[in-house]
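Letter by letter, the chains look like this.
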Amino acid sequence: MVTPISEAQQLTAEFTRKVRTGVKHLRKNSVELNAWIGESGPCSLEIQWQRELFEALVRAIAHQQLHGRAAEAILGRMVTGFRCKDFPSALQLKRASHEKLRGMGFSSAKAIAIQGIASAAVAGQIPSRIVAASLTDEEIIERLLPLRGVGRWTVEMLLIFTLGRLDVMPTDDFGVKSGLQQLYGLESMPKKAVFAELTDDWKPFRSLGAWYLWRKADAGKTK
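Colleague: So what's going on with the packing of aromatic side chains? Which residues, and what values?
Modeller: The final tally for this structure, using the stated rule, is four aromatic pairs. When the centroid spacing of 6.3 Å and the interplanar angle of 75° are considered together, the rings of Phe 54 and Phe 87 count as edge-to-face. In this pair, Phe 54 sits in helix H3 (residues 53–63) while Phe 87 sits in the loop between helix H4 (68–81) and helix H5 (90–95), placing the two residues 33 residues apart along the sequence. Assessed through its relative accessible area of 12%, Phe 54 is described here as buried. Relative accessible area serves as the criterion here: at 13%, Phe 87 is assigned to the buried category. Ring geometry for Phe 161 and Trp 214: centres 5.7 Å apart, planes at 35°, overall tilted. Taken as a pair, Phe 161 in helix H10 (residues 152–161) and Trp 214 in helix H13 (residues 206–221) lie far apart in primary sequence, 53 residues in all. Among the residues examined, Trp 214 registers a relative accessible area of 12% and is labelled buried.

Colleague: Help me get a handle on the layout of surface pockets, residues and values and all.
Modeller: Estimated volume of the largest pocket: approximately 560 Å³. Forming the walls of the largest pocket are 18 residues, and the residues nearest its centre are Glu 7, Leu 11, Trp 49, Arg 129 and Ala 133. Where the lining of the largest pocket is concerned, the elements lending two or more residues are helix H1 (4–29) and helix H8 (129–132). Of all the elements, H1 adds the most residues to the lining of the largest pocket, at seven residues. Here the lining of the largest pocket is composed, by residue class, of ten nonpolar, two polar and six charged. Volume-wise, the second largest pocket comes out at about 440 Å³. In terms of lining residues, the second largest pocket is bounded by 17 residues, among which Arg 51, Ala 56, Ala 60, Met 157 and Phe 161 are the most central. Counting only elements with at least two residues in the lining of the second largest pocket, the list comes to H3 and H10. By residue class, the composition of the lining of the second largest pocket is eight nonpolar, five polar and four charged.

Colleague: Could you give an account of the pattern of salt bridges, with specific residues and numbers?
Modeller: A full pass over the atoms with the stated rule returns ten salt bridges. Salt-bridge contacts for Arg 59 lead to Glu 55; the nearest nitrogen and oxygen are separated by 2.8 Å. Residue Arg 59 and its partner Glu 55 are located together in helix H3, separated by four residues, close to a single helical turn. Assigned by exposure class, Arg 59 and Glu 55 land together as buried. With a closest N to O distance of 2.7 Å, Glu 138 and Arg 152 form a salt bridge. Of this pair, Glu 138 sits in helix H9 (residues 137–144) while Arg 152 sits in helix H10, and the two are 14 residues apart along the sequence. Note on Arg 152: relative accessible area 34%, which makes it partly exposed. Each of Arg 51, Glu 55, Arg 59 and Glu 72 takes part in a single network of salt bridges with overlapping partners.

Colleague: Give a description of the packing of H9 against H10 that names residues and reports values.
Modeller: Packing of H9 against H10 brings their axes to within 10 Å, and their N-to-C directions diverge by 135°. When the axis of H9 is compared with that of H10, the two are oblique. Like other packed secondary-structure pairs, H9 and H10 cross with a definite hand, here right-handed. In this structure, H9 uses Asp 137, Glu 138, Ile 140, Ile 141 and Leu 144 to contact H10, whose residues at the interface are Arg 152, Val 155, Leu 158 and Leu 159. Class assignment for the residues of the contact of H9 with H10 results in six nonpolar, no polar and three charged.

Conventions used here
- Residues numbered from 1 in each chain as written.
- Predicted model: local features only at pLDDT ≥ 70, side-chain atom pairs only at ≥ 80, totals over all residues.
- Heavy atoms only, no water.
- Phe/Tyr/Trp six-rings, centres within 6.5 Å; stacked < 30°, edge-to-face > 60°.
- Helix = DSSP H or I, 4+ residues; strand = E, 2+ residues; numbered from the N terminus.
- Buried < 20%, exposed > 50% of the residue type's maximum accessible area, 1.4 Å probe, protein only.
- 1 Å grid on protein atoms, 1.4 Å probe; cavity = no way out; pocket = protein on both sides within 12 Å on 5 of 7 lines; lining within 4 Å.
- Points joined across faces, edges and corners; volume = space filled by probe spheres on them.
- Nonpolar A, V, L, I, M, F, W, Y, C, P; charged D, E, K, R; others polar.
- Salt bridge = Lys/Arg side-chain N within 4 Å of Asp/Glu carboxyl O.
- Axes fitted to C-alpha atoms, helices over the stretch in contact; angles between N-to-C directions.
- Parallel < 35°, antiparallel > 145°, perpendicular 65-115°, else oblique.
- Left-handed = near helix turned anticlockwise from the far one by under 90°.
- Contact = heavy atoms within 4.5 Å.

Spelled out as structure tokens, the structure:
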């Protein structure tokens, strides 16, 4: 029987091969992106292969409108508070009192959202990784969008960083928009129509293009 760690290693190796193919595709199809990839170096996109969608959504809620360190501190208190090794189960979070989650540092709105996600997971409304593997990106988005506190951007981040989907372009992400603006020297932040015009040729590896746009935006902050 393959252990979860071995399976994650196998998925990582396969993903790394796909990334190499994808980066070659991007360099071939965009002069501007080709130049930036040459400057910024290899893509080091990391995927959380062992993380279930339920956990990814709860973590995403925790991080909303908070600095990363603050969110991780709250999540750490949650793991400690439920006396679990890695992460509390959906049933634990569903049964927890609102006050308990508030005491860990979650706002009232986030506590309600997290318990809604937990209830949906217990009811089987949130697909497992195995089930998600058979669903398209849009099918996963349609299933998760009705959840309180979960928007399209949240699901797109899950698709990229939890499921390793390679053709996601989060057009509402500020960093991605800023990166595209800088890459092409646009006068204003690009709208969706501009994204379609400039990045459709990046298919089916737009997630990798988005990763390089984040790097471009980060580089612009230091200038």
